[in-house]
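Given next are the chains, with one letter for each unit.
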Amino acid sequence: MTAEPLERTLDRHGRLAGPEGFPEPGRLVLRGALESDLPELRRLDEEVFQEVAYPAFLLRQLYDVYAQHFLVLDDGAGGLRGYVLAATTAFGRDSWILGLCVTEGDRRHGLGRELMTEILARLRQDGIDTVRLTVEPANRAAILLYRSLGFTPEEPDGGLRRDYFGPGEHRQVLRLELC
Ligand SMILES: CC(C)(COP(=O)(O)OP(=O)(O)OC[C@H]1O[C@@H](n2cnc3c(N)ncnc32)[C@H](O)[C@@H]1OP(=O)(O)O)[C@@H](O)C(=O)NCCC(=O)NCCS
């Protein structure tokens, strides 16, 4: 397993554990996604998002286009425990968070926040001005995380977009200005 590009090493509780070394069991590494991650990414995405997981072909092409802003949590034992993906519009300076997850057994240890903090830092560094995302209005955990990072509803209607993903599939649009 490769450790490049190695950004941060986190212990199993999400604490920073030093920058050195390859991922070892019990340690998590936050790094850029690799092409070789795609099968495990697909498994992880299905585990977390089930019937609304990305189809394999779309995940593949999201990687092809947006690998620069596709980060994973590598457990050093062949598994991924989370990912975040941001997509930037072609000519603008806007990005959308298209995916964020942490495996169920690893939640509430700060990993979701780590993924978001790192991707926002990279987007800022890459000159992105505005970041948007959609969230299910009942997804309290995600909304609290995003609000704590400074995201606010994109008006009108408190960010609520009815039938955004089809009949009955409402979403709230949140927005963060990075500049
Ligand atoms: C949303 C998600 C990524 C959060 O990951 P996580 O690693 O558990 O989050 P963190 O431990 O970093 O928590 C960060 C903040 O989120 C909020 N939060 C996370 N889980 C929460 C919960 N179950 N209840 C209430 N608040 C919660 C809190 O504000 C928390 O800050 P705090 O620990 O200081 O209170 C995770 O719950 C997940 O993967 N959910 C399923 C997929 C999903 O809904 N993705 C988002 C789609 S828009």
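- Looking at an unreviewed UniProt entry, one finds the protein chain named N-acetyltransferase, with Streptomyces thermocarboxydus as its source organism.

**Some words on the site of the ligand**
Phase 1 of the analysis: Around the ligand sit 21 residues in total, of which Leu100, Gly110, Gly112, Arg113 and Asn139 are the nearest.
Phase 2 of the analysis: One nitrogen or oxygen atom from the main chain of His109 is found 3.3 Å from an oxygen atom belonging to the ligand.
Phase 3 of the analysis: Here an oxygen atom of the ligand and a backbone polar atom of Gly112 are 2.8 Å apart.
Phase 4 of the analysis: No other element matches the 6 residues that helix α4 (residues 140-148) contributes to the shell around the ligand.

**Observations concerning the packing of aromatic side chains**
Phase 1 of the analysis: On inspection of all chains with the given rule, the structure shows 4 aromatic pairs.
Phase 2 of the analysis: With 6.4 Å between their ring centres and 50 degrees between their planes, Tyr63 and Phe70 make a pair best called tilted. Of the two residues, Tyr63 and Phe70, both sit in the buried class.

**Observations regarding the side chain of Arg31**
Phase 1 of the analysis: Inspection of the secondary structure assignment puts Arg31 in strand β2 (residues 27-32).
Phase 2 of the analysis: Relative accessible area serves as the criterion here: at 2%, Arg31 is assigned to the buried category.

**Description of the pairing of strand β6 (residues 130-135)**
Looking down a regular strand, the side chains alternate between one sheet face and the other.
Phase 1 of the analysis: Extensive coverage of β6 is indicated by the burial of 5 of its 6 residues.
Phase 2 of the analysis: Sheet topology places strand β5 (residues 94-102) next to β6; 4 bridges connect them, and they run parallel. Bridged to Ile97 within β6 is Leu133.
Phase 3 of the analysis: For the segment spanning β5, helix α3 (residues 111-125) and β6, crossover handedness is right-handed.
Phase 4 of the analysis: Relative to strand β9 (residues 171-177), β6 runs antiparallel, the two sharing 6 bridges. Looking at the pairing, Thr130 lines up with Glu177 of β9.

**A word on the confidence of the model for the protein chain**
Phase 1 of the analysis: Summary statistics for the protein chain give a mean pLDDT of 89 and a share of 85% for residues scoring 70 or more.
Phase 2 of the analysis: Every residue in residues 1-6 scores below 50 in pLDDT, and together they form 20 contacts with partners more than four places removed in sequence or on other chains.

**Structural notes on the pattern of salt bridges**
Phase 1 of the analysis: Going through the model one piece at a time under the given rule, you end up with 16 salt bridges.
Phase 2 of the analysis: Residue Asp37 is joined to Arg31 by a salt bridge in which the shortest nitrogen-to-oxygen separation is 2.8 Å.
Phase 3 of the analysis: For Asp37, a relative accessible area of 7% translates into the label buried.
Phase 4 of the analysis: The network of salt bridges with common partners includes Asp94, Arg132, Glu154, Arg175 and Glu177.

Analysis parameters
Residues numbered from 1 in each chain as written. Predicted model: local features only at pLDDT ≥ 70, side-chain atom pairs only at ≥ 80, totals over all residues. Heavy atoms only, no water. Near = heavy atom within 4 Å. Polar contact = N/O pair within 3.5 Å; in protein donor to acceptor, adjacent residues only side chain to side chain. Helix = DSSP H or I, 4+ residues; strand = E, 2+ residues; numbered from the N terminus. Phe/Tyr/Trp six-rings, centres within 6.5 Å; stacked < 30°, edge-to-face > 60°. Buried < 20%, exposed > 50% of the residue type's maximum accessible area, 1.4 Å probe, protein only. Pairing = 2+ DSSP bridges. Right-handed = clockwise from strand over helix to strand, strands pointing away. pLDDT = per-residue confidence, 0-100. Contact = heavy atoms within 4.5 Å. Salt bridge = Lys/Arg side-chain N within 4 Å of Asp/Glu carboxyl O.

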